[in-house]
Amino acid sequence: MQFAKALINWYNTHQRDLPWRHSTQAYEIWLSEIMLQQTQVKQALPYYLKFLKHFPTVHDLAKADEDQVLKLWQGLGYYSRARNLHFTAKDISKNYNGSFPTTYKNLLQLKGVGEYTAAAIASFAFNEPKAVVDGNVYRVLSRVFGIDTPINSTEGIKQFKIKANELLDRKNPATYNQAIMEFGAIQCKPKQPNCLFCPFQNICVAFQQSKIEVLPVKLKKTKVKTRYFNYLIIEDERENILLNKRNQKGIWQNLYEFILSDTTKQIDDFPLDKFQYLPKIKSKDIRLLNSTPIKHVLTHRKLFVRFWQVKLSEAFDPQLAEHYEIVKHDQLNDYAVPVLIENFIKQYVLRA
DNA sequence: AAGGCGGGGTG
DNA sequence: CACCCAGCCTT
């Protein structure tokens, strides 16, 4: 309890003013926690405000189209979160009469809600004494108590969860959970933590043994594969553009993009013959828009991307709509697209 | 148990 | 360049 008390003391004088901390509504807590998964506060904040404005209640979110949800989510990444968010909103609206489950155990049943998020909602909205264990908590506990079990090993996950729940202030689970995460985020940071003015300097194993740099221990490194993307932007005489919806599993599922050739090796020309359903295009009518490929890095992919343009002198065959979206030039902004595409559109304003 | 899944920020 | 972020889901 000494640890918890010191932590809460620190929190009372150092905490940031964040909008979701003013709410105890499960809907608002849930929304914030989904957005904050693997995402820093600064990045999630504008999205949180935007979503709450568009969808004040879970019913409003449930009524929306997935395309609209994804469009609002555009740029935040990990788009399965947005799809699960929408699924769960419909689930809550329809099967839970609009009210979120009130216990950790039942919150875990919701799609997109894992152990961390269930503990966060249970403690923040319902005062249930469950310790959150996120990246901040791993870092703080491994350093203060000198735990070098890899945080992403089965053993480590178990061990840190036990430790976190032992330390939890069971009378103030909400404040305690906020406090330990805030402490990890702004004091016990990954790089250059503020050990000089740390309330735990006297007991911190990592500080006393100069192990700040090596704790927490983490296994694994994701292997990054290189891919070559070639996008074909086809425009007809009426300023329509063809978009493809990514339906398969994989990156950017359910987002839109131009016609894509995805290869493991660099190619010279756009491979028109690979596509069954396109208008008749002669390769001499294809123009490369960026001679230097755009480099776009994801967690496990390194993409080199080129954009090609075709302007047709006739209108698209309406039959194309069975395979692609035929989109008016000025409606391009209504579609959820990867940041990569968004950046390109902004840069090369395709003239009308 | 391991791998897939974004985008932005830091040193 | 490597590593991290209020993780979760699938295989």
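Each chain carries its own residue numbering, running from 1 in the written order of its sequence. Ligands are numbered from 1 and chains lettered from A, in the order in which they are written. Only residues with pLDDT of 70 or above have their local features reported here, since the model is predicted, and side-chain atom pairs are shown and tallied only from 80 upward, although totals for entire chains, interfaces and linings are computed over all residues. Side-chain numbers come from the whole structure's heavy atoms, not from hydrogens or water.

**Considering the side chain of Gln74**
Strands are runs of DSSP state E lasting at least 2 residues, helices are runs of H or I lasting at least 4, and numbering of each runs from the N terminus. Mapped onto the elements of the fold, Gln74 is located in the loop between helix H5 (66-73) and helix H6 (80-95). Burial status follows relative accessibility: with a 1.4 Å probe on protein chains alone, a residue under 20% of its type maximum counts as buried, one over 50% as exposed, and anything between as partly exposed. Judged by its relative accessible area of 12%, Gln74 falls in the buried class. A distance of 2.9 Å separates polar atoms of two side chains, one belonging to Gln74 and the other to Glu342. Contacts: residue pairs with any heavy atoms within 4.5 Å of one another. With residues near it in sequence (within four places) discarded, Gln74 still touches Tyr47, Tyr79, Tyr335, Ala336, Val337 and Glu342. Think of a polar contact as two N or O atoms within 3.5 Å of one another; within protein, one of them needs to be a possible hydrogen donor and the other a possible acceptor, and neighboring residues in sequence only count if both atoms come from side chains.

**Quick look at the domain arrangement of chain A**
As assigned here, chain A comprises domain 1 (2-208) and domain 2 (225-347). Reported domain spans reflect what an automatic or database domain assignment gives. Of note, the centres of domain 1 and domain 2, computed from C-alpha atoms alone, are 37 Å apart. Between domain 1 and domain 2 lies a buried interface of about 910 Å² when both sides are counted; carbon and sulfur atoms form 47% of it. In terms of surface lost to domain 2, no three residues of domain 1 exceed Lys71, Gln74 and Tyr79, which account for 48% of the buried area on that side. Throughout this description, the term salt bridge denotes a Lys or Arg side-chain nitrogen within 4 Å of a carboxyl oxygen of Asp or Glu. Applying the counting criterion to the domain 1 and domain 2 interface returns 1 salt bridge. Run the count over domain 1 and domain 2 and you get 8 residue pairs in polar contact (both at pLDDT 80 or more). Counting residues per element, the side of domain 1 that touches domain 2 draws most heavily on H5, which supplies 4 residues. Amino acids outside the nonpolar list (Ala, Val, Leu, Ile, Met, Phe, Trp, Tyr, Cys, Pro) and the charged list (Asp, Glu, Lys, Arg) are all regarded as polar, and Gly is one of them. For the side of domain 1 that touches domain 2, the residue count by class is 3 nonpolar, 2 polar and 4 charged. The term buried area denotes the loss of accessible surface (1.4 Å probe radius) that occurs when two parts are joined, taken as the sum for both partners.

**Some points on the protein's contact with DNA strand C**
As a structural note, the neighbourhood of DNA strand C is formed by 28 residues, with Gly112, Tyr116, Thr117, Asp134 and Arg139 the closest of them. The near set for a molecule or strand comprises every residue that places at least one heavy atom within 4 Å of it. The sugar-phosphate backbone supplies 69% of the atoms of DNA strand C found within 4 Å of the protein. Gly135 is positioned with one of its backbone polar atoms (N or O) 3.1 Å from a phosphate oxygen of DNA strand C.

**Points about the packing of helix H2 (residues 26-36) against H6**
The convention used is that axes are lines fitted to C-alpha atoms, helices contributing only their stretch in contact, and that angles between N-to-C directions extend from 0 to 180 degrees. With their axes 10 Å apart at the nearest point, H2 and H6 run at an angle of 160 degrees to one another. As the angle between them shows, H2 and H6 are arranged roughly antiparallel. In this structure, H2 meets H6 at a crossing whose hand is right-handed. Residues Trp30, Leu31, Ile34, Met35 and Leu36 of H2 lie in contact with H6, whose contacting residues are Arg81, Leu85, Thr88 and Ala89. Counted by class, the contact of H2 with H6 contains 7 nonpolar, 1 polar and 1 charged residues. Should an angle fall under 35 degrees it is called roughly parallel, over 145 degrees roughly antiparallel, and 65 to 115 degrees roughly perpendicular, with every other angle called oblique. In a left-handed crossing the near helix is turned counterclockwise from the far helix by less than a right angle, and in a right-handed crossing that turn is clockwise.

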